[in-house]
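Structure assessment
In case you want the letters, here they are:
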Amino acid sequence: MLHEITIRQNDAGQRLDKFILKFLPSMPKSMVYKLIRRKDIRYNHKRCQGNEILQEHDILQIYAKEEFFLPERKKIIRKESVPLSLQILQEDCNFLFLYKPAGQDVHTGDKNKKTSLIEEVQAYLIQNGIYHPEQEQSFAPALCNRIDRNTEGIVIAAKNAAALRAMNEAIRQHQVKKQYLAITCGILPEKKKICTAWLKKNHNTNRVQISAVPEDASWQKIITEYEVLAQHGQKQLVRIILHTGRTHQIRAHLAFLGAPLLGDAKYGGTGREPYQCLCAVSLSFPDVTAPELLYLKQTCIQAPVPAFVRTYFPETEL
């Protein structure tokens, strides 16, 4: 059976094979490449390799069984099914800059039954007539960065595919500058320092190890910059700049330096706080080069001062 597909704006800019895997989620990956090899997938009426970058208005012709094209029931998020509690710091035609509270997952998972941040984002965009899932062939609004469930702070959501690709690439190229505030329950070795170490994740325990030197090729280099802003006894208020972004990097690296986060029991922190005292407080874009992001060059997204700072260091001006 021949099916002809016209590429739309939010489908453009991605590889042909990646689009088909999204467009036909029930089709095995091996079959997609088999169809390409057999010339049963054609690009603008010609043979394709699968690595072509799609442009708006391109035509794909796919010869495959009808069962793969049966419409799947899309999860249409309605106002009555998703309670919205989004804290929007800034919004434009491409992005939502959001403040995620501690305790909320950024993506839907089995462990936490609460509404995830991405569910709220998609519901908000549907309700405001910005996102129409029934009209999309491969795209859904998505998050460009993520933070741990028990960390609070700024998260970026992209409204369209071009913006998502541009921001993801800028983050990969370290063109987005991130700053955090944290409270430690230990004393860091110096008042201000850029620290280098090596990190390895244990997927079975969802913990990471830190080492001063790599023990083998599986260890990843991390760079964490910190500045102590204030101190009360064994507690320090610390500003942190990430030069790399690895899983649990701040939590594990500060613990390795002898100053775990207050409330972070996983990495040796003490205290009665329900969540670790860590907040992503600012994002800036001084080095972005993508045309879609140039308007953000002079922008710095600031989060409100987190409650844990006001609790433990109320007199400190930030």
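Here is a short report on the structure shown in this document. All values reported here derive from a predicted model rather than from experimental measurement. (Residues numbered from 1 in each chain as written. Predicted model: local features only at pLDDT ≥ 70, side-chain atom pairs only at ≥ 80, totals over all residues. Heavy atoms only, no water.)

Some points on the packing of aromatic side chains
- Counted by the stated rule, this structure contains 3 aromatic pairs.
- Ring geometry for Phe-19 against Phe-23: centres 5.5 Å apart, planes inclined by 15°, an arrangement best described as stacked. Here the residue Phe-19 and the residue Phe-23 both occupy positions in helix H1 (residues 16–23), the gap between them amounting to 4 residues, near one helical turn.
- Among the aromatic residues, ring-to-ring pairing joins Phe-95, Phe-97 and Phe-285 into one connected group.
- Over the aromatic face of Tyr-267 sits the side chain of Arg-207, whose NZ or CZ is 4.9 Å from the ring centroid. (Phe/Tyr/Trp six-rings, centres within 6.5 Å; stacked < 30°, edge-to-face > 60°. Helix = DSSP H or I, 4+ residues; strand = E, 2+ residues; numbered from the N terminus. Lys NZ or Arg CZ within 6 Å of the ring centre and 35° of its normal.)

Things to note about unusual backbone geometry
- Even without being a glycine, His-45 presents a positive backbone phi close to 70°.
- Locating His-45 in the fold gives a position in the loop between strand E2 (41–43) and strand E3 (46–47).
- In this structure, His-57 is a non-glycine residue whose phi angle is positive, near 80°.
- Assignment of secondary structure puts His-57 in the loop between E3 and strand E4 (59–63).
- The class for His-57 is exposed, based on a relative accessible area of 59%. (Buried < 20%, exposed > 50% of the residue type's maximum accessible area, 1.4 Å probe, protein only.)

Considerations on the nonpolar core
- By size, the foremost hydrophobic cluster in this structure holds 36 residues, and its most contacted members are Phe-95, Cys-144, Ile-156, Met-167, Phe-285 and Leu-293.
- Only strand E6 (95–100), strand E8 (152–158), helix H4 (161–172), strand E9 (177–184), strand E14 (278–284) and helix H6 (307–312) provide two or more residues apiece to this core.
- In terms of residue count, H4 provides more of this core than any other element does, 7 residues in total.
- Apart from residues no more than four positions distant in its own chain, Ile-156 is found in contact with Phe-95, Leu-96, Phe-97, Ala-142, Leu-143, Cys-144, Asn-145, Met-167, Leu-283 and Phe-285.
- Membership of the second largest hydrophobic core comes to 30 residues, among which are Ile-118, Tyr-124, Ala-157 and Ala-280. (Core = buried A, V, L, I, M, F, W, Y, C linked by side-chain atoms within 4.5 Å. Contact = heavy atoms within 4.5 Å.)

Purely spatial values, then, with no claim about function.
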